[in-house]
Amino acid sequence: MPLLTADIGERSEEGYQPVRLDTDRGAVEARYYASPGSALGAIWVGGVGGGFDTPARGLYPRLAEDLTKEGIASLRLRFRNPRDLEEAVHDILVGLTFLGRQGIHHVALIGHSFGGAAVIQAAASNRGAVCTVVTLATQGYGTDPVRDLSCPVLLVHGEADEVLAPMCSIHVHRLANEPKRLVLMPGASHCLDETAEAVCREVRDWVRGKLLAV
């Protein structure tokens, strides 16, 4: 993946270093939560809302900071074009290349909504580095490559999702190979805010378990 240069800024009060990843398709903005000496990492991406969006009441920055204490670095990506699946997959692969340059070669990919399809496709394109995939309220479109994944897959969806029906995750779960887990959150909407603590536990335990077992 053509990552040309990476410009890493000073650590912020929020615990991350701003990163600019220059590629032949433009610059990808990211936030890097380093865990010095670790070979484990996670990439977190949002949906069509763009920016550094996060579901479940700040789930991404919360877990990104928490996991560094357990030797798991994190990279939060802002898509250049959050409505173009091919470009979103490109950005995730660039993120994987960046982490590889930091010595991180075992990675979890986590994506919300549109980002769910993006992390599935990125994992299918780079099976060597990806140890697990987590989707949160994923869309159905673009998720068929989940059939080709051999890594564990966790799918979380709100039963009251008003944007993407739970059937999207149910469908992806049916296509996925074992090991896999489907969690439907009663009363939770698309952003999963209503069950934020339960979502946090599910994702934290899954990512920790799969990466620390490498």
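Refer to the preceding data block for the structure.
Residues numbered from 1 in each chain as written. Predicted model: local features only at pLDDT ≥ 70, side-chain atom pairs only at ≥ 80, totals over all residues. Heavy atoms only, no water.

## A look at the packing of aromatic side chains
Right, on to step 1. A complete count under the given rule lists four aromatic pairs for this structure.
Right, on to step 2. Consider the rings of Tyr-16 and Tyr-33, whose centres lie 5.7 Å apart with planes at 55°: the pair is tilted. Taken together, the residues span a long stretch of sequence, with Tyr-16 in the loop between strand E1 (3-8) and strand E2 (17-23) and Tyr-33 in strand E3 (residues 26-33) at a distance of 17 residues.
Right, on to step 3. What makes Tyr-16 buried here is its relative accessible area of 14%.
Right, on to step 4. Between the aromatic rings of Tyr-32 and Phe-98, the centroid separation amounts to 5.2 Å while the plane-to-plane angle is 90°, which identifies the pairing as edge-to-face. On the criterion of sequence distance, the pair formed by Tyr-32 in strand E3 and Phe-98 in helix H2 (residues 85-101) is long-range, its members being 66 residues apart.
Right, on to step 5. Of the residues examined, Tyr-32 reaches a relative accessible area of 7% and is grouped as buried.
Right, on to step 6. The ring of Phe-52 carries Arg-31 above its face, with NZ or CZ at 4.1 Å from the centroid.
Right, on to step 7. Directly above the aromatic system of Trp-206 lies the positively charged group of Lys-210, at a separation of 4.4 Å from the ring centroid. (Phe/Tyr/Trp six-rings, centres within 6.5 Å; stacked < 30°, edge-to-face > 60°. Helix = DSSP H or I, 4+ residues; strand = E, 2+ residues; numbered from the N terminus. Buried < 20%, exposed > 50% of the residue type's maximum accessible area, 1.4 Å probe, protein only. Lys NZ or Arg CZ within 6 Å of the ring centre and 35° of its normal.)

## A few points about the pairing of strand E4 (residues 40-45)
Within a regular strand, the side chains alternate between the two sheet faces.
Right, on to step 1. Burial analysis of E4 places six of its six residues in the buried class, the great majority of the element.
Right, on to step 2. Judged by which residues are buried, E4 turns out to be covered on both faces: Leu-40, Ala-42 and Trp-44 on one side and Gly-41, Ile-43 and Val-45 on the other are all buried.
Right, on to step 3. After leaving E4, the chain enters helix H1 (residues 59-68) and then returns to the sheet as strand E5 (residues 72-78), a path that is right-handed.
Right, on to step 4. In this structure, E4 lies alongside strand E6 (residues 106-112), joined through six bridges in parallel fashion. Pairing of Trp-44 across the sheet is with Ile-110, part of E6. (Right-handed = clockwise from strand over helix to strand, strands pointing away. Pairing = 2+ DSSP bridges.)

## Some details on the pattern of salt bridges
Right, on to step 1. The tally for this structure, following the rule as stated, stands at ten salt bridges.
Right, on to step 2. Here Glu-87 and Arg-25 are joined by a salt bridge, their closest N and O atoms 2.8 Å apart. Taken together, the positions of Glu-87 in helix H2 and Arg-25 in the loop between E2 and E3 put the pair 62 residues apart, joining distant regions of the chain.
Right, on to step 3. Looking at Glu-87, the relative accessible area reads 16%, which means it is buried.
Right, on to step 4. Given the relative accessible area of 38%, Arg-25 is considered partly exposed. (Salt bridge = Lys/Arg side-chain N within 4 Å of Asp/Glu carboxyl O.)

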